[in-house]
Amino acid sequence: MTQKHGNLRPRVLSGMRPTGKLHLGNYVGALQNWIKLQDTHNCFFFIADWHALTTDYDDTSRVAANTIDVLLDWLGAGLDPEKCTMFVQSHVKQHAELHLLFSMVTPLGWLERVPTYKEQQQNLATKDLSTYGFLGYPLLQAADILIYQADFVPVGEDQVAHVELTREVARRFNNFFPSSGPGSNIAFTRGDAQPIPASVMAEPLLKEPHVLLTRTPKLLGTDKRKMSKSYGNAIFLSEEASSLAEKINNSVTDRPKLTDKGNPDRCPVGNLHQIFSDAERLAYITRGCTQATITCVECKALAVESVEAHLNPIRERRKQFAGQPELLEKIVRQGEQQARETAEKTMHAVRDAVGLLAETQVQLAREESQTRLRVPQAVTSAKTEDERWGLRTAGWLERIGKVHPLRRDRPRTFITQKSRKVGVHTAAEQNGSWMFRLQDRALNVLVLLAQDNDFYLHDYVLPPKLVQDHWKQFERADGDIVIKIRKSPAGDVLLSTKNGDVPIQQYEGDYSALQ
Ligand code: TRP
Ligand code: SF4
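Keep in mind the model is a prediction, meaning the values are calculated, not measured.

1. Quick look at the confidence of the model for the protein chain
Working step 1: In this model, the protein chain carries a mean pLDDT of 91, and residues with pLDDT of at least 70 account for 92%.
Working step 2: Within the model, pLDDT remains below 50 along residues 181–196, and this stretch shows 13 contacts once partners closer than five positions in the same chain are excluded.

In structure tokens, the structure reads:
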């Protein structure tokens, strides 16, 4: 298992709106800090695409592309999907559900009083922000944070009020709906003291998070105003080398005349040195600037060099990811699953505490299919192949039975409601591959249950067309069919046939053929 599953680490959550390519201000203000945190904390980072809609609902044409741009910047800069969970907000619907429940208990005044509410309405006066969604912005943010039971929220100064509101919402929600976690209906007694109500003993339903204030180094835009995409004064993290040099060389400085003395603190170029140059170079330009012994032209050339040395590997890594859309898709899908698993745990407890009727079996089965099946350890001491088959299939058959009832036929064969014949076969991992042995008898659907080295079960449900097309191509041994699947180095799952490999990972957990 990778490090991010280290559950003892404090949990961190943060998000960014998909505003398109990140600029250096976003990088040094937030992303660099996140990259450090992924090594020490259990981190969840997400792209807040629903939040983007609160202000940009009138033109949503760039939301998807901007989401990908942000993701590429994250990966290029070094956020690592093996170390942190990265996902897209709108992929985890549970955020919306918790936001809705929060909306029931949150007084309007709390939201109207959040400083960003009035400020933004004034700043973006051309937009109509007297909408329900915009008022609810910080409440959706509270749901983002509380659904992961985050300990810390790394944000800048501008977001502190939102985290403060989040804490208040958590307290109010916990008050209205005391946790009814396991054991809550047991009265605890100590000696002959009064029973202590369970709600006092139980963990609160939602954990109050703390701000992890990010110290942001000062970085002016090329025109000496605050760096911002909308001012057109930004240098982007993915800036090409040529335009990087051009932007720095055309930058306004703090020394209008060569003979003027300047101050790097007040100069966009000086700021870049402060962030990206080594101590020696920074000392050199600082002296040269404050005493007017170097030219801004020289100073800029050195800044170009320092910044380029830092951005070059980021730009290259970004390009590599941009050229592999399947990999991006996989990263996002993996993040979505991990995030949903955690979010869903909170939502189970929340729905229960609120007092909603438990969901139906079918819904439960659907949710369950989003959590991974495990084979009991006992499989290692099983004596016969039949016993192993029984242990590996039990959980899977139970799950499937709730959605698509299967009728037992011959051993390892079942009949679906639409009268399809399904063969269910199992195997354990051997060096990244699995071998399934079955009798050469006609089947419509083939279910391959592959137990991996961590005892997780991967279920590939090969639909009739695929089975029919490849049946003759499978290897035969002593009259049996031998089916081999393996993981490719890229992480694809491939089915071997005489005519080559067929990718089958899209059939994992796809139960549509079992109707
Ligand atoms: N409001 C944040 C911003 O504009 C983005 C955001 C949305 C966020 N949800 C969050 C940040 C949850 C931290 C935690 O930057
Ligand atoms: Fe800016 Fe460098 Fe010129 Fe000083 S010398 S004003 S830091 S460009």
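From this point, things continue past the structure.
2. Some words on the domain arrangement of the protein chain
Working step 1: Here the protein chain is described as being made up of domain 1 (11–184 + 195–216 + 323–354), domain 2 (229–314) and domain 3 (372–514).
Working step 2: Look at where the C-alpha atoms of domain 1 and domain 3 centre, and you get two points 39 Å apart.

3. Looking at the site of ligand 2
Working step 1: As a structural note, the neighbourhood of ligand 2 is formed by Thr 253, Asp 254, Arg 255, Cys 267, Val 269, Gly 270, Cys 289, Cys 296 and Cys 299.
Working step 2: A majority-of-atoms criterion places ligand 2 in the largest cavity.
Working step 3: Of all the elements in the fold, those that place two or more residues in the shell around ligand 2 are α12 (268–276) and α14 (296–322).
Working step 4: Taken together, the residues of the shell around ligand 2 break down into 5 nonpolar, 2 polar and 2 charged.

4. Remarks on the site of ligand 1
Working step 1: By nearness alone, 14 residues border ligand 1, and Arg 17, Tyr 137, Gln 141, Asp 144 and Gln 159 come closest of all.
Working step 2: Bound to the protein, ligand 1 loses 92% of the 370 Å² it would expose on its own.
Working step 3: Listed by contribution, the elements that provide at least two residues to the shell around ligand 1 are β1 (11–16), α8 (137–146) and β4 (152–155).
Working step 4: In terms of residues, the shell around ligand 1 owes the most to one element, α8, which gives 4 residues.
Working step 5: Tallied by class, the residues present in the shell around ligand 1 amount to 7 nonpolar, 5 polar and 2 charged.

5. Some words on the nonpolar core
Working step 1: By size, the foremost hydrophobic cluster in this structure holds 49 residues, and its most contacted members are Leu 24, Tyr 27, Leu 31, Trp 74, Leu 79 and Ile 248.
Working step 2: In terms of residue count, the dominant contributor to this core is α14 (8 residues).
Working step 3: Both of domain 1 (11–184 + 195–216 + 323–354) and domain 2 (229–314) provide at least three residues apiece to this core.
Working step 4: Setting aside residues up to four positions removed in sequence, Leu 31 forms contacts with Met 16, Leu 22, Asn 26, Asp 73, Trp 74, Ala 77, Leu 79 and Leu 237.
Working step 5: Among the nonpolar cores identified, the runner-up in size contains 40 residues, and Phe 134, Tyr 148, Val 163 and Val 169 belong to it.

6. As for the pairing of strand β15 (residues 493–497)
Working step 1: Where burial is concerned, most of β15 is hidden: 4 out of the 5 residues are buried.
Working step 2: Of the strand pairs in this sheet, strand β14 (residues 480–487) and β15 are connected by 3 bridges, and their pairing is antiparallel. Bridged to Lys 487 within β15 is Val 493.
Working step 3: Where β15 meets strand β16 (residues 500–503), 4 bridges bridge the pair, whose relative direction is antiparallel. Bridged to Leu 495 within β16 is Val 502.
Working step 4: The loop that links β15 with its antiparallel partner β16 comprises 2 residues.

The rules we used
- Residues numbered from 1 in each chain as written.
- Chains lettered and ligands numbered in written order.
- Predicted model: local features only at pLDDT ≥ 70, side-chain atom pairs only at ≥ 80, totals over all residues.
- Heavy atoms only, no water.
- pLDDT = per-residue confidence, 0-100.
- Contact = heavy atoms within 4.5 Å.
- Domains from an automatic or database assignment.
- Near = heavy atom within 4 Å.
- 1 Å grid on protein atoms, 1.4 Å probe; cavity = no way out; pocket = protein on both sides within 12 Å on 5 of 7 lines; lining within 4 Å.
- Sits in = over half its atoms within 2 Å of the grid points.
- Helix = DSSP H or I, 4+ residues; strand = E, 2+ residues; numbered from the N terminus.
- Nonpolar A, V, L, I, M, F, W, Y, C, P; charged D, E, K, R; others polar.
- Areas by Shrake-Rupley, 256 points an atom, 1.4 Å probe, with all protein chains shown as cover.
- Core = buried A, V, L, I, M, F, W, Y, C linked by side-chain atoms within 4.5 Å.
- Buried < 20%, exposed > 50% of the residue type's maximum accessible area, 1.4 Å probe, protein only.
- Pairing = 2+ DSSP bridges.

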